[in-house]
Structures are given as structure tokens and as C-alpha cells.
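So you can see what is in the structure, the chains are spelled out below.
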Amino acid sequence: MSTPHAPPETWHTLQLAFNLAPVGMCVSRQRVLELCNETFARQFGYEIDELLGQPLAPLYPSMEEFTHIGNLGLPVMQEKGVYCDERIMRRRDGSLFWCHVAGRALDRADPFACAVWMFEDISARRPVTNSLTLREREIAQHLVTGSTSKQIARVLGISPRTVEAHRGRLMKKYEAATHGDLVARLLGRA
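Novice: Before we move on, could you go through the environment of Gly168 and cite the residues and values that matter?
Specialist: The residue Gly168 is located in helix 7 (residues 160–173) in this model. When its relative accessible area of 37% is taken as the criterion, Gly168 is described as partly exposed.

Pasting the structure below:
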């Protein structure tokens, strides 16, 4: 990919757009933070200089989720060059929040070599209101996208019955009467 030749004032404008973007933005290399804007740092509870050069893993609720989402995103980025989802992330103080994440790889053959990411905190409309297990968070992440139990089971490498059992526990925790009610509560709409 060639580097665009732009006048210095254009680069200044691009830097300004990155730094003042109302969503968190970052550049990662091998899933290590190379650059981020203030919004990104602030939504995770850090200063920019505390994050640079650090792995992205501590921003996830667990190492398993960091690994799992990487395994989900890698083949999609290799095929399409882009990946997006809604997931639960972790702030410095340990609190969890829902986040819309979208990223683009510089090189589809090696997506994690260099990627640009956008992280939008959506907790105002979708709060994390219940204490969920790792597996419940994974299943909730897929339920809100409209995935069926069979689809979720295939992605997570578990049986559809196991997915149904976890969905039942989620319904109980969220006091949801129906699947639609559960999704609405997970989305913060009920």
C-alpha cells in the first residue's frame, strides 16, 4: 500500500480529526497499542502514555475473551479486511461496559500486523446490569446480533443445548419472559 503524498496542512487536519474524534480510536500492531486518541484512553480510564506500547488484552474482561475475539475476528479480517462487533470491555477500575468495535487491517494477509480500530462506548444505551460469566458474555454478544443457538454453538465449539442452558440462565438473570425480551434487555431497551 502506497503512502499518500499530501501537503502538511492535510496531515495536520487528519491528526486533528484523529485526536478530537468523539469515539475512541487506536492503531495496533500485533494487538499491542501503538497509538490512541484521548477518547480511547479516557473511556478505558487511562492516560494515553499509560497505554502506548501495552497489549490490548487488559482492556478485555478476561484473557479468554481477548483470545476468543481475536480468533473470531482474524478469519473475517483475512477475508474482508474489516471486522466489527459489539462486546463487553473492561475499564481500568474493573468495571465492564458494552462497546461497539470496528477495525480495518492494513494487510488482509496478516491483519494483526497493523490495524486501525474504533471503539465506541455504548453503555449509555446498553448498560451492563448483571454479573455475567465469561460464557454468558460470549453468548450475549452473539444473541444481540440475532444469531441462533446452532450458530452460536458452532462459533463457540459447544452444543446447541449448552447454548440454550446459558440462554435460560441469562433470561433468569435479566428477568426476561421471552427471547425477544432478553435481547431487548441485553441491548438496554427494556
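Having seen it, we continue.
Novice: Could you give me a rundown of the nonpolar core, with the residues and numbers involved?
Specialist: Ranked by size, the top nonpolar core spans 26 residues in total, and within it Phe40, Phe44, Leu51, Leu59, Met89 and Phe119 carry the most contacts. Residue contacts for Leu51: discarding those within four places in its chain leaves Leu33, Cys36, Phe40, Ala41, Tyr46 and Leu59. If you look at the next biggest cluster of nonpolar residues, it comprises 21 residues, including Ile122, Ala176, Leu182 and Leu186.

Novice: Please provide a residue-by-residue account of unusual backbone geometry, values included.
Specialist: Even without being glycine, Gln30 reaches a positive phi, approximately 50 degrees. Secondary-structure assignment places Gln30 in the loop between strand 1 (24–29) and strand 2 (32–36). Here the phi dihedral of Glu175 falls at roughly 50 degrees; this positive angle occurs in a residue that is not glycine. For Glu175, the location among the structural elements is in the loop between helix 7 and helix 8 (179–186). Overall, the relative accessible area of 65% leaves Glu175 in the exposed class.

Novice: Can you tell me about the packing of helix 5 (residues 134–143) against helix 6 (residues 149–156), naming the residues and giving the values?
Specialist: Pairs of packed helices are described in terms of their axes, by the angle between the two and the distance that separates them. Their axes nearest at 10 Å, the elements helix 5 and helix 6 cross at an angle of 130 degrees. The pairing of helix 5 with helix 6 is recorded here as oblique in orientation. The two elements helix 5 and helix 6 cross, and the hand of that crossing is right-handed. Within the contact between the two elements, helix 5 uses Arg135, Glu138, Ile139, His142 and Leu143 and helix 6 uses Ile152, Val155 and Leu156. Residues belonging to the contact of helix 5 with helix 6 are distributed by class as follows: five nonpolar, one polar and two charged.

Novice: So what about helix 5? Which residues, and what values?
Specialist: Turn by turn, an α-helix covers 3.6 residues, leaving residues three or four places apart pointing in a common direction. Burial within helix 5 is extensive, with eight of its ten residues counted as buried. Against helix 4 (63–80), strand 3 (82–90), strand 4 (96–105), helix 6, helix 7 and helix 8 lie the buried residues of helix 5.

Novice: Give me helix 7: which residues, what numbers.
Specialist: In a regular helix each residue adds 1.5 Å, so 14 residues correspond to 20 Å; helix 7 covers 20 Å between its end C-alpha atoms and thus fits that length. Elements in contact with the buried residues of helix 7: helix 5, helix 6 and helix 8.

Criteria and thresholds
Residues numbered from 1 in each chain as written. Predicted model: local features only at pLDDT ≥ 70, side-chain atom pairs only at ≥ 80, totals over all residues. Heavy atoms only, no water. Helix = DSSP H or I, 4+ residues; strand = E, 2+ residues; numbered from the N terminus. Buried < 20%, exposed > 50% of the residue type's maximum accessible area, 1.4 Å probe, protein only. Core = buried A, V, L, I, M, F, W, Y, C linked by side-chain atoms within 4.5 Å. Contact = heavy atoms within 4.5 Å. Axes fitted to C-alpha atoms, helices over the stretch in contact; angles between N-to-C directions. Parallel < 35°, antiparallel > 145°, perpendicular 65-115°, else oblique. Left-handed = near helix turned anticlockwise from the far one by under 90°. Nonpolar A, V, L, I, M, F, W, Y, C, P; charged D, E, K, R; others polar. Expected span 1.5 Å × (residues − 1).

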